[in-house]
Amino acid sequence: MQICSLLHQRYKDFSPCLIQGLLKAFFPGKAGDDIDPDKNSRAMKKRSTLKLLMELYFVGIVEDASTFINIIKDLTSVEHLKDRETTQTNLTLLASFARQGKHFLGLQKHGQEAYDEFFMGLNITDDLKTFFKKSLSSYYDAAVAILMSEHASLRAMESENAKILNVKGELSDENTALYEKLRKSFDQLLRCVSSLAEALDMQPPVMPDDGHTTRVTTASELSPSGKHFSAVEPIWDDEDTKAFYESLPDLRVFVPGVLLGEAEPKLVDQHGKVHEQTGEHKLEQGTEVQNNAEASVPEHQLEGKTNVGSKNREKKDKTGKEISKEKEADQKGDIEREKVRVTDGASLDNLLQRLPRCVSRDLIDQLTVEFCYLNSKANRKKLARALFNVPRTSLELLPFYSRLVATLSTCMKDLPSMLLSMLEEEFNFLMNKKDQIKIETKIRNIRFIGELCKFNIAPSGLVFSCLKACLDDFSHHNIDVACNLLETCGRFLYLSQGTTVRMSNMLEILRRLKNVKNLDPHHSTLVENAYYLCKPPERSARVSKVRPPLHQYIRKLLFSDLDKTSVQHVLRQLRKLPWAECEEYLVKCFLKVHKGKYSQVHLIALLTAGLSHYHDDFHVAVVDEVLEEIRVGLELNDYAMQQRQLAHMRFLGELYNYEHIDSSVIFDTLYLITVFGHGTLEQDLLDPPEDFFRIRMIVTLLQTCGHYFDRGSSKRKLDRFLLHFQRYILNKGPLPLDVEFDVQ
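Residues numbered from 1 in each chain as written. Predicted model: local features only at pLDDT ≥ 70, side-chain atom pairs only at ≥ 80, totals over all residues. Heavy atoms only, no water.

Caption draft 1: Layout of the nonpolar core. Counting 78 residues, the largest nonpolar core has Leu383, Leu408, Leu419, Leu452, Phe474 and Met503 as its most contacted members. The contacts of leucine 419, once residues within four sequence positions are left out, are Ala384, Leu387, Phe388, Val405, Phe448 and Leu452. By size, the runner-up hydrophobic cluster in this structure holds 60 residues, among which are Phe618, Tyr656, Phe692 and Val739. (Core = buried A, V, L, I, M, F, W, Y, C linked by side-chain atoms within 4.5 Å. Buried < 20%, exposed > 50% of the residue type's maximum accessible area, 1.4 Å probe, protein only. Contact = heavy atoms within 4.5 Å.)

Caption draft 2: Here's a closer look at the confidence of the model for the protein chain. With 81% of its residues at a pLDDT of at least 70, the protein chain reaches an overall mean of 81. No element of the protein chain has a lower mean pLDDT than helix α12 (residues 287-293), at 40, and none a higher one than helix α32 (residues 693-705), at 96. In the predicted structure, residues 210-231 sits below a pLDDT of 50 and forms 43 contacts with residues beyond four places in sequence or in another chain. Low pLDDT (under 50) marks residues 264-316, which in the prediction has 29 contacts with non-local residues, meaning those over four places away or in another chain. (pLDDT = per-residue confidence, 0-100. Helix = DSSP H or I, 4+ residues; strand = E, 2+ residues; numbered from the N terminus.)

Caption draft 3: Molecular detail of the pattern of salt bridges. In this structure the tally under the stated criterion is 21 salt bridges. Across the pair lysine 514 and glutamate 528 runs a salt bridge whose closest N-O atoms are separated by 3.4 Å. Taken together, the positions of lysine 514 in helix α22 (residues 500-516) and glutamate 528 in helix α23 (residues 521-534) put the pair 14 residues apart, joining distant regions of the chain. By relative accessible area, glutamate 528 is classed as partly exposed at 36%. With a shortest N-O distance of 2.7 Å, aspartate 687 and lysine 732 are connected by a salt bridge. With aspartate 687 in the loop between α31 (683-686) and α32 and lysine 732 in helix α33 (residues 712-732), the pair connects residues that are 45 residues apart, well separated along the chain. By the burial criterion, aspartate 687 is buried, and lysine 732 matches it. It is possible to trace a salt-bridge network through shared partners that takes in Glu158, Arg183 and Asp187. (Salt bridge = Lys/Arg side-chain N within 4 Å of Asp/Glu carboxyl O.)

Caption draft 4: Quick look at a negative patch on the surface. Among the surface-exposed residues, Asp237, Asp238, Glu239 and Asp240 lie close enough to one another that they form a single negatively charged patch. Note on placement: glutamate 239 falls in helix α9 (residues 239-246). (Patch = residues over 30% accessible without salt bridge, like charges linked within 9 Å, V, L, I, M, F, W, Y side chains within 5 Å. Areas by Shrake-Rupley, 256 points an atom, 1.4 Å probe, with all protein chains shown as cover. Lys, Arg positive; Asp, Glu negative; His and termini not counted. Charge placed at Lys NZ, Arg CZ, Asp CG, Glu CD.)

Caption draft 5: The side chain of serine 612, seen in detail. Within the fold, serine 612 resides in helix α27 (residues 601-612). The contact partners of serine 612, leaving out residues within four places of it in the chain, are His619 and His660.

Caption draft 6: Seen up close, unusual backbone geometry. The phi angle at histidine 476 is positive, at roughly 50 degrees, despite the residue not being glycine. Mapped onto the elements, histidine 476 comes out in the loop between α20 (460-472) and α21 (477-495). Despite not being glycine, glutamate 659 shows a phi value in the positive range, around 60 degrees. Looking at where glutamate 659 falls in the secondary structure, it is placed in the loop between α29 (642-657) and α30 (663-675).

Caption draft 7: Representation of the packing of helix α15 (residues 361-372) against helix α17 (residues 398-408) within the structure. Taken N-terminus to C-terminus, the directions of α15 and α17 make an angle of 40 degrees; their axes are 10 Å apart at the nearest point. When the axes of α15 and α17 are compared, the pair comes out oblique. The interaxial crossing formed by α15 with α17 has right-handed handedness. Facing Arg361, Ile364, Asp365, Leu367, Thr368, Phe371 and Cys372 of α15, the residues of α17 in contact are Phe400, Arg403, Leu404, Thr407 and Leu408. Residues that form the contact of α15 with α17 fall into these classes: 7 nonpolar, 2 polar and 3 charged. (Axes fitted to C-alpha atoms, helices over the stretch in contact; angles between N-to-C directions. Parallel < 35°, antiparallel > 145°, perpendicular 65-115°, else oblique. Left-handed = near helix turned anticlockwise from the far one by under 90°. Nonpolar A, V, L, I, M, F, W, Y, C, P; charged D, E, K, R; others polar.)

Caption draft 8: Up close: α22. Here α22 spans 25 Å end to end across 17 residues, near enough to the 24 Å set by a 1.5 Å rise per residue. Among the 17 residues in α22, 12 count as buried, and that is most of the element. Residues of α22 that are buried include every one of Thr500, Val501, Arg502, Met503, Ser504, Asn505, Met506, Leu507, Glu508, Ile509, Leu510 and Leu513, and no others. (Expected span 1.5 Å × (residues − 1).)

Here you go:
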């Protein structure tokens, strides 16, 4: 712009030629002047040209605002709406025009009221403002109409995909490609329209509710290894977990078949025959007997007796005695049955009271077998109700309750259906209520469903419908419920053959919802934990280093067995080693003092002293390597090596304590630490002013062996060094509290 302004001031013919050349970007000549075949390049050229033209108008090089009329007419032509790429390009250009030239549209530029006087001098008529605003608004309305139409098509396709996914579990590549293409086109158009709406100070278009449809993905997008990876990765974490969920006791081994309901049809047939014989016998009795026995004979038998004549009157007294005996027998039977019923009820109540205390596999299996001896339809209903009413805070009971249901389901088919119907009814009730209370009840409910799913009692379709209900309204307690469901059975479904694709789609939806929703830190952490619990991030397996048995034995002696009581034993074992073969590795292990306990560094020095009596060059090699490691640490100044450096300083001090090195080595090391790198270009890297680690190194060394420098020349050397050290500290500035304490 400056260049253009200066050229315009010097050359009279510059601005007409410039404007004519710039307009060719929008209206190329018939010969096709410099038409760029690449649409993206052409769009970028149009955008920069339009910006430049507007700036030229603002500084007075372009004098007539009507220059922009033809440009806007061309950009807002309805013909361009037929081509998607052109429509998106034009929307972007119009948004740029509206943002830069709000005064052309009669819009107030926020926060720039000071420029109003400048814009007033541009001499843009009201007719021009009306034209520009009307043109952009009409084009915006047409683009919104296309956007709504595409959204409706997208919704229809998502609905169809959801149906196919529910039936088959995955989509064909053709359907997926078609869906992704339409989705990408819609997203791009939505961004362009929203950008223009913002530039025009209008509300962006709001898409109608998507009717609870969810986006889908293909199996090829799930993982690098595709949908067959679950065959490699085990569903259960360990053998105990696998046995808990898959190895259920066979009740037929522990309980007679008659108690499991397997012999019930035969018993019913036998009881039916007995009743028929009794009825026939009673129908042959006389009318007087009928009157005497009326109180104890059922109604349907009385009706059958009304048509029987009086016969065998001679046997009347005998028959009356028989009937009176039968009455007594019936009364005794009723009393016995009542006693059994009372006993069964007491036993069931006792069993249900023990239920919350069954917190192990053996206890719940034992209780399962005991319930079989009380098996009846009424008792099964009571058991289902007791299982359903598990305390909302006792989530640890849910796996054991689910195991009980799974074990009984092999013989009592109605028990799982009763429990599942109650759980599903409760879930729907809590979801429809939409209040933010009873979070513990919601979590208990969904975790129970998840545990039943892991025993293959609850169908996967029920779990997915519950999860989808939570994702469709992903807020407040629904986030907690969805995460608890995924934590319970998400990984099981993700790794199970047949539900992998669908669970992956759900996890992808969960991830996208987390990205677009402004979740609080608690819910954000919950979602991340649930997602990565089901689908851990891929990482290569850790390759363990393979060491020879002899090296493993040395490491065991030094890093595991070594302590005050075993130091002599370790020394004897080290002396027994083949020295020529192990000396180099022993030196290497002695230098890794940071891998053992810091309080046992002196024991490594003691071992060095013990071995030096038998191998003269061993302690020399150890001292050389320690000094070299200290110097390397100073050269690198790596934060990750600081623990190792402190251990080496302690080790060096202990070597002095065991008389392996002279005081001169200690003082040379102390002076090296204070001066290394100083006066060089790398001083700020090797020893920054805010880095106090070298002070810690000096303090560690002096704390280890400094108390021996209390007389003679060593004391004079220490006093001189302490002055030097104090000067070094003063150069550093104020010390952190912990470092200052150590120094004092």
